[in-house]
Amino acid sequence: MEKICYPKAWNLDKVFMGGGKSSEFLDHINRLEALVHDLEGSVNSFITPLSTNEVIRVVDLIENISNIRLYLSQANSFITCLLAQNPKDQDATSLRGKIAQIESRFEKELSKVKMIFIYTKEDVWERLLGTEELKEYRFILNEWRESADKNLSEEELNLLSDLMVDGYHAWGQFYNGLVSSINVNILINGKEENLSVGQAINLRSHPNEEVRKEAYYVLESVWKEKEELFSKIINHIAGFRIQVNNKRGIKSVIEDPLKKNRMKEETLNTMWTVISKYKQPFSNYLKRKAELIGGSSMKAYNFWAHVTKSKQEITFEEAASLITEHFSQFGTELEKLR
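Figured I'd write up the structure that's included with this text.

This part takes up the pattern of salt bridges. Following the criterion strictly, the structure yields 13 salt bridges and no others. The closest approach of N and O atoms between Asp256 and Lys260, which form a salt bridge, is 3.3 Å. You can see Asp256 and its partner Lys260 sitting in helix α10 (residues 255-260), four residues apart, about one turn around the helix. With a relative accessible area of 13%, Asp256 lands in the buried category.

Encoded structure:
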């Protein structure tokens, strides 16, 4: 097995030198803005296709949209890492707001593209998708066409996109930032450790039941302490979504999630039917696991506990090598993700 040496803490300078003040990252954002600006110009001059002569313009639009999504994904991931590293990083917080504004502009143009596709005649649409250049994009183009907001005007779509920056996404970012800023003290092996929420959650599989129990109740007390604040955040997110869905003509709360997950309601209902039908064996398993651990019923803090005890230890480097070795069996590209 190949021995891999990884640092225990990530070095974000290897991605963009300088963190939140990185000139390289600012160049990335400027390039992203330029791509969105180009897309805005392309969409404004793009008319409803009348023949397959428009195929090259459609391909150019798709490639531009793909590049923008890649740049947005990289930018959001980098900012997420910066804030995970330091939740109080004001530069990263400011950059997140800037990226949200750019993403809002992009979503507006994508909505316009979808509307253009809606108004394309069916026979023209089929001929377009049958061309050599577009046949590989058939699935996503049909999905765009079907997912367009037919009940909203362009002005309404633009307004909703603008409002989502502060009226929807910001609430989610605020919640994530709030959770990231929380630290708890937990006694582990006789020593009090100051841990993040994520680190405390990881203790649910700790071999010592007292550690699992303490971590569980410490987190419970944190959620209890902030329940009013959390409930306000979640209610605002849900309230905004309900108002948007009303405008879009969406009557069921599961309609949009089903569409985004490419699932039919019948499929979801079938899944729940099967779960209900076969939940007794799982219930029996939990009861038996509780008995093996030493209790009469399963406690929440023991759900992830190991039943067997092992003294085997694996180092960070050995774990990295093991994961890479098995990832490589699925292909070299997955292996290179290390």
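Attention shifts here to the packing of helix α1 (residues 23-44) against helix α3 (residues 90-118). It is at 10 Å that the axes of α1 and α3 come closest, and there the two elements cross at 20°. By the angle between their directions, the pair α1 and α3 is classed as roughly parallel. For α1 against α3, the interelement crossing comes out left-handed. Contact with α1, carried on its side by Phe25, Leu26, Ile29, Leu32, Glu33, Val36, His37, Leu39, Glu40, Val43 and Asn44, involves Leu95, Lys98, Ile99, Ile102, Arg105, Phe106, Glu109, Lys112, Val113 and Ile116 of α3 and no other residues of that element. Taken together, the residues that form the contact of α1 with α3 break down as 13 nonpolar, two polar and six charged.

A separate point is the nonpolar core. Judged by nonpolar contacts, the single largest core of 39 residues is most densely connected at Phe25, Ile68, Ile99, Phe106, Phe117, Leu134 and Leu141. At the level of elements, α1, α2 (55-85), α3, α4 (122-129) and α5 (138-147) are the ones that each hand at least two residues to this core. When residues of this core are assigned to their parent elements, the largest contribution, 13 residues, is made by α2. Excluding its chain neighbours within four sequence positions, the residues that come into contact with Leu134 are Val55, Val58, Val59, Ile62, Leu128, Leu129 and Leu141. With 18 residues, the next largest nonpolar core counts Val179, Ile182, Ile186 and Val222 among its residues.

The pairing of strand β1 (residues 183-188) with strand β2 (residues 191-196) spans six bridges and is classified as antiparallel. Bridge pairing links Asn185 to Asn194 in β2. Following β1, the chain reverses through two residues before pairing antiparallel with β2; Asn189 in that reversal takes a positive phi of roughly 55°.

This part is about a nonpolar patch on the surface. Judged by side-chain polarity, Phe282, Tyr285, Phe303 and Trp304 come together as a nonpolar surface patch covering roughly 430 Å² of accessible area. For Phe282, a relative accessible area of 44% corresponds to the partly exposed category.

Attention shifts here to the side chain of Lys114. Among the structural elements, Lys114 can be located in helix α3. Although Lys114 is buried, it makes no salt bridge; Glu107 carries the closest opposite charge, 6.0 Å away. In contact with Lys114, other than residues within four places in its own chain, are Trp144, Ser147 and Ala148.

This next bit is on the packing of aromatic side chains. Scanning the model with the defined rule gives twelve aromatic pairs in all. Summarising the aromatic geometry, the rings of Phe282 and Phe303 are spaced 6.5 Å apart at their centres and angled 65° between planes, so their arrangement reads as edge-to-face. Taken as a pair, Phe282 in helix α12 (residues 279-293) and Phe303 in the loop between α12 and α13 (316-328) lie far apart in primary sequence, 21 residues in all. Aromatic pair Phe303 and Trp304: ring centres 5.4 Å apart, planes at 70°, arrangement edge-to-face. The exposure class assigned to Phe303 is partly exposed, which follows from its relative accessible area of 33%. By relative accessible area, which is 46% here, Trp304 ends up partly exposed. Put simply, the rings of Phe282, Tyr285, Phe303 and Trp304 touch in pairs and so form one group of aromatic residues. Just above the ring of Trp304 sits the side chain of Arg204; from NZ or CZ to the centre is 4.3 Å.

The rules behind each value
- Residues numbered from 1 in each chain as written.
- Predicted model: local features only at pLDDT ≥ 70, side-chain atom pairs only at ≥ 80, totals over all residues.
- Heavy atoms only, no water.
- Salt bridge = Lys/Arg side-chain N within 4 Å of Asp/Glu carboxyl O.
- Helix = DSSP H or I, 4+ residues; strand = E, 2+ residues; numbered from the N terminus.
- Buried < 20%, exposed > 50% of the residue type's maximum accessible area, 1.4 Å probe, protein only.
- Axes fitted to C-alpha atoms, helices over the stretch in contact; angles between N-to-C directions.
- Parallel < 35°, antiparallel > 145°, perpendicular 65-115°, else oblique.
- Left-handed = near helix turned anticlockwise from the far one by under 90°.
- Contact = heavy atoms within 4.5 Å.
- Nonpolar A, V, L, I, M, F, W, Y, C, P; charged D, E, K, R; others polar.
- Core = buried A, V, L, I, M, F, W, Y, C linked by side-chain atoms within 4.5 Å.
- Pairing = 2+ DSSP bridges.
- Patch = residues over 30% accessible without salt bridge, like charges linked within 9 Å, V, L, I, M, F, W, Y side chains within 5 Å.
- Areas by Shrake-Rupley, 256 points an atom, 1.4 Å probe, with all protein chains shown as cover.
- Lys, Arg positive; Asp, Glu negative; His and termini not counted.
- Phe/Tyr/Trp six-rings, centres within 6.5 Å; stacked < 30°, edge-to-face > 60°.
- Lys NZ or Arg CZ within 6 Å of the ring centre and 35° of its normal.

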